[in-house]
Amino acid sequence: MAAIATIVVGAALTVAVATTTATAAACATAWNASTAYTGGQTASHNGRNWSAKWWTQNEKPGSVSVWADQGTCGGTTTTPPTTTTPPTSCSYPAWVQGQFYAAGSIVRYTDGKHYVAEHDNPGYDPLVSTWYWNPHTGCGNTTTPPTTTTTSTPPLPGGFVVTEAQFNQMFPSRNSFYTYSGLTAALKAYPGFANTGSDTVKRQEAAAFLANVNHETGGLVHIVEQNQANYPHYCDTSQSYGCPAGQAAYYGRGPIQLSWNFNYKAAGDALGLPLLTNPSLVQTDASVAWQTGLWYWNTQNGPGTMTPHNAMVNGHGFGQTIRSINGSLECDGRNPAQVQSRVNAYQRFAGILGVTPGNNLSC
């Protein structure tokens, strides 16, 4: 009887294994470190299928949160729909991120479909920068593309003109402190930011703000000023309120690197936050950090003659935002390399948002 039981159990195990093998999902195309994946695209790695939550490149499935585990794979391979396989007569090159494309260029994207460049661009993603690219109707592109690939103004959460996927594409190496949710939560403090004028102006302002932020923080990497020797210098003792948090407590913090006791006082008063007595809030609370950046952007002229917000919504150009933030050290030929760094970031971010950067980029 024991021998019979063993046979029955073995048979059951055999059936179970066969069933699992028969129902296992087919493996998607193997993950490639050099391939750019957009939200919803799949790849296989280490015997499992993975789905990208947003744009990603060179981030291994299973090691970062951008990939959602879709389970084991290895079943029979499913023939892909014919609409995603270009005819053999099409021999257009694969799209390469960062490679220059002149208007009229046709490329084969990672989804197997073809796209034509509507404007010259330095290798922007066809599924993100829709002002620069449109689906190419030839080469078997008979499937209607998703809504987000055919319009420059897709539905956006909370009305903000930058999606989380675009934000992540702009700042691929950002510090986890600088969250997208912290930024969108801070928008309520200044509802006119990136929400004034035409859709083009809104996107230009968002790109301009984030480009300056990119420069100030090294790509949203640094939360605080790196040169600690400067820390004791930011206490203006002539102010009646002094420096209650300590002489060395008012160093640069956050996306615009808020510094000096009088700026902490002014920002705190405007935002209803105790920043003069507790300046560390700017480096411990992401929403507070973003609010201080928006406070400066929307209310302060700095060394310029207008706020960065007014510079963008009134058509004065990106160059005036640089002047308002750090013009005394960078503009009028003082540090052209720093200015160009900001301009390069702005042009790149404008491309991601699908708008032209406009005129008057430098100061």
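Reference entry: report on the structure contained in this document. (Residues numbered from 1 in each chain as written. Predicted model: local features only at pLDDT ≥ 70, side-chain atom pairs only at ≥ 80, totals over all residues. Heavy atoms only, no water.)

### Considerations on unusual backbone geometry
Applicable threshold: Note on conventions: DSSP H or I runs of at least 4 residues are helices, E runs of at least 2 residues are strands, and numbering of each starts at the N terminus. Relative accessibility thresholds used throughout: buried, under 20% of the residue-type maximum; exposed, over 50%; partly exposed, between the two (1.4 Å probe, protein chains only).
Even without glycine at this site, Leu-220 takes up a positive phi of about 60 degrees. Take Leu-220: it is sitting in the loop between α4 (199-217) and α5 (261-271). Residue Leu-220 is classed as buried on the basis of its relative accessible area of 0%. In this structure, Asn-360 is a non-glycine residue whose phi angle is positive, near 55 degrees. Structurally, the position occupied by Asn-360 is in the segment after α10 (336-353).

### As for the state of the cysteines
The line we're drawing: Cysteine sulfurs are considered disulfide-paired once they come within 2.5 Å of each other.
Enumeration over the complete set of coordinates arrives at 3 disulfides. Between Cys-27 and Cys-73 runs a disulfide, and the two sulfur atoms are separated by 2.1 Å. For the disulfide bridge between Cys-27 and Cys-73, the dihedral angle about the S-S bond is near 85 degrees, and by the sign convention the bridge is right-handed. One end of the pair, Cys-27, is in the loop between α1 (2-23) and β1 (36-37); the other, Cys-73, is in the loop between β5 (67-72) and β6 (106-108), with 46 residues separating them in the sequence. Disulfide partner of Cys-235: Cys-243, at an S-S distance of 1.9 Å. Disulfide Cys-235 to Cys-243: torsion about the S-S bond roughly 110 degrees, handedness right-handed. Like Cys-235, the residue Cys-243 is buried in the burial classification.

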